[in-house]
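# Topology and contacts: notes
Next come the chains, spelled out residue by residue.
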Amino acid sequence: MMVDKRHSGPSRQAEQAAVPLYGFQPPVGTPYGLEVSTVEDFFAQHDDWPWNPPRPGRATFHYLIAVTDGELRHDVDHITRTVAPGQWLWVRPGHAQCWHPPGAARGPFILFEPDVLRPDLARLLAPLTAHEAPAVLTPHPDDTAWLQQTALQLLDEHRALGRRPLDIHHALRRSLLESLLLRLANSPGIAPIDTATAGTGRGDRYRCFLDALELHFRELHQAADYAELLGCSVRTLSRAARDVTGKGVRELIDERRLLEARRLLGAARWDARTVAVHLGFTDPANFGRFFRDRTGLTPAAYAAREARTDA
């Protein structure tokens, strides 16, 4: 449907550490980086993968699911989320995810690439599409029915390929998606946009850096790597990062790696050696020093503390 379903046969630990990255691969005839289906149709068309057995993965695009009936369970960043009717699940590009069988869950399932959104709308929606935004959204009760109806209209238009001129069809799909997202951005837990940096060149460059960081922090660890990806100098990228956060690029890279390490050692119960491989450390001892210098704890001590907290 939209992902490469091939799998090799590495060891369980190596497969766990890899967490493959999937690109957007819609069916033939589905243009403009946007695909709309339903949870039930998606599972019916993929009854043997990736939930049988479940496999973790990451994607370069957004997964957005409106649950209208039943209850959906889905792992996002190694934590199992439960999505009830009226709520929305959002898996953003780069987030690790793992499917559970859908059970009785029903609802529209929207997949879209980041560049589907026009630049001006992308800036307005930055708090909603941000990687740190909540994975489960609970819209205001006054918005729930409108959002579900708009999602169903988007599904209907997506299925109407050939019913009207192609450019009109594309414009309608994008308009419905943007309207839905703008309304969804008012959900509790979504931070207001920072008007001081919205629309500025440096603010846009910083957001592009965050997108690249989320996809590549496991294998790219230098400011120069990201400057090359974004087609700018290290100095320009550093200025953008400091304007928005007051922090340097390398500090932000290390913070993202540390956040992932905490998630994996804590909720996901990975061992330190596997986490080190996952985060691109060539030597587990180097990972141990990296983690201890920033937390004051060894990976093993941190994992033990988290296990006691959860008990």
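Residues numbered from 1 in each chain as written. Predicted model: local features only at pLDDT ≥ 70, side-chain atom pairs only at ≥ 80, totals over all residues. Heavy atoms only, no water.

### Let's talk about the nonpolar core
Residues Phe209, Tyr226, Val275 and Phe287 are the most contacted members of the largest nonpolar core, which totals 30 residues. Elements with a minimum of two residues in this core: helix H7 (201-216), helix H8 (223-230), helix H9 (234-245), helix H10 (249-265), helix H11 (272-278), helix H12 (284-295) and helix H13 (299-310). Element by element, the count of residues in this core is highest for H10, at seven residues. Among residues more than four places away in sequence, those in contact with Val275 are Ala261, Leu264, Leu265, Trp270 and Phe287. With 25 residues, the next largest nonpolar core counts Leu34, Trp88, Leu176 and Leu180 among its residues. (Core = buried A, V, L, I, M, F, W, Y, C linked by side-chain atoms within 4.5 Å. Buried < 20%, exposed > 50% of the residue type's maximum accessible area, 1.4 Å probe, protein only. Helix = DSSP H or I, 4+ residues; strand = E, 2+ residues; numbered from the N terminus. Contact = heavy atoms within 4.5 Å.)

### Quick notes on H9
Its 12 residues give H9 an end-to-end C-alpha distance of 16 Å, which sits within 8% of 16 Å, the value for a rise of 1.5 Å per residue. Leu237, Ala240 and Ala241 are the residues of H9 that are buried. Considered in projection along H9, the buried side chains sweep an arc of 95° and stay on one side of the axis. A positive backbone phi angle near 75° is found at Gly246, which sits one or two residues after H9. (Expected span 1.5 Å × (residues − 1). Arc of directions from axis to C-beta.)

### Quick notes on the environment of Gln25
Within the secondary structure, Gln25 sits in the loop between strand E1 (21-22) and strand E2 (34-38). Judged by its relative accessible area of 41%, Gln25 is partly exposed. Measuring from C-alpha to C-alpha, the distance between Gln25 and Glu35 comes to 9.6 Å, with 10 residues separating the pair along the chain.

### As for the environment of Cys232
By secondary structure assignment, the location of Cys232 is in the loop between H8 and H9. Remark: the alpha-carbon pair of Cys232 and Arg205, spanning 27 residues in sequence, is separated by 9.3 Å. Those residues within four positions of Cys232 in sequence are excluded, and the remaining contacts are Arg205, Ala227 and Leu237.

### Observations concerning the pairing of strand E4 (residues 62-66)
Counting buried positions along E4 gives five out of five residues, so the element sits mostly inside the fold. Residue alternation in E4 divides its side chains into two sets, His62, Leu64 and Ala66 and Tyr63 and Ile65, and both sets are buried. Relative to strand E9 (residues 108-112), E4 runs antiparallel, the two being bridged by four bridges. Residue pairing across strands places His62 opposite Phe112, the latter belonging to E9. The pairing of E4 with strand E7 (residues 88-91) spans four bridges and is classified as antiparallel. Paired with Tyr63 across the bridge in E7 is Val91. (Pairing = 2+ DSSP bridges.)

### Some thoughts on the sheet that holds E9
Strand order in this open sheet of five strands is E2-E9-E4-E7-E10, and the pairing throughout is antiparallel. Of all the strands in the sheet, the pair left with one neighbour each is E2 and strand E10 (136-137). Across the sheet, helix H5 (residues 141-158) is in contact with E2, E7 and E9; its angle to E2 comes to roughly 110°. (Axes fitted to C-alpha atoms, helices over the stretch in contact; angles between N-to-C directions.)

### Some words on the pattern of salt bridges
Under the definition given, this model contains 16 salt bridges. We note a salt bridge from Asp77 to Arg263, for which the minimum N-O separation is 2.9 Å. Here Asp77 is found in the loop between strand E5 (72-76) and strand E6 (79-83), whereas its partner Arg263 is found in helix H10, with 186 residues between them in sequence. Note on Asp77: relative accessible area 2%, which makes it buried. Asp254 is the salt-bridge partner of Arg294, the closest N and O atoms lying 3.1 Å from each other. Linking Arg294 in helix H12 with Asp254 in helix H10, this pair joins segments that are 40 residues apart in sequence. (Salt bridge = Lys/Arg side-chain N within 4 Å of Asp/Glu carboxyl O.)

### Quick word on the pairing of E5
Consecutive residues of a regular strand have side chains that alternate between opposite faces of the sheet. Counting buried residues in E5 gives four out of five residues, a clear majority hidden from the surface. Where E5 meets E6, five bridges bridge the pair, whose relative direction is antiparallel. Bridging from a neighbouring strand, Asp75 pairs with Thr80 of E6. Counted between consecutive antiparallel strands, the loop separating E5 from E6 contains two residues, among which Asp77 sits at a positive phi close to 50°. Here three bridges tie E5 to strand E8 (residues 97-99), and the two strands are oriented antiparallel to one another. Pairing of His74 across the sheet is with Trp99, part of E8.

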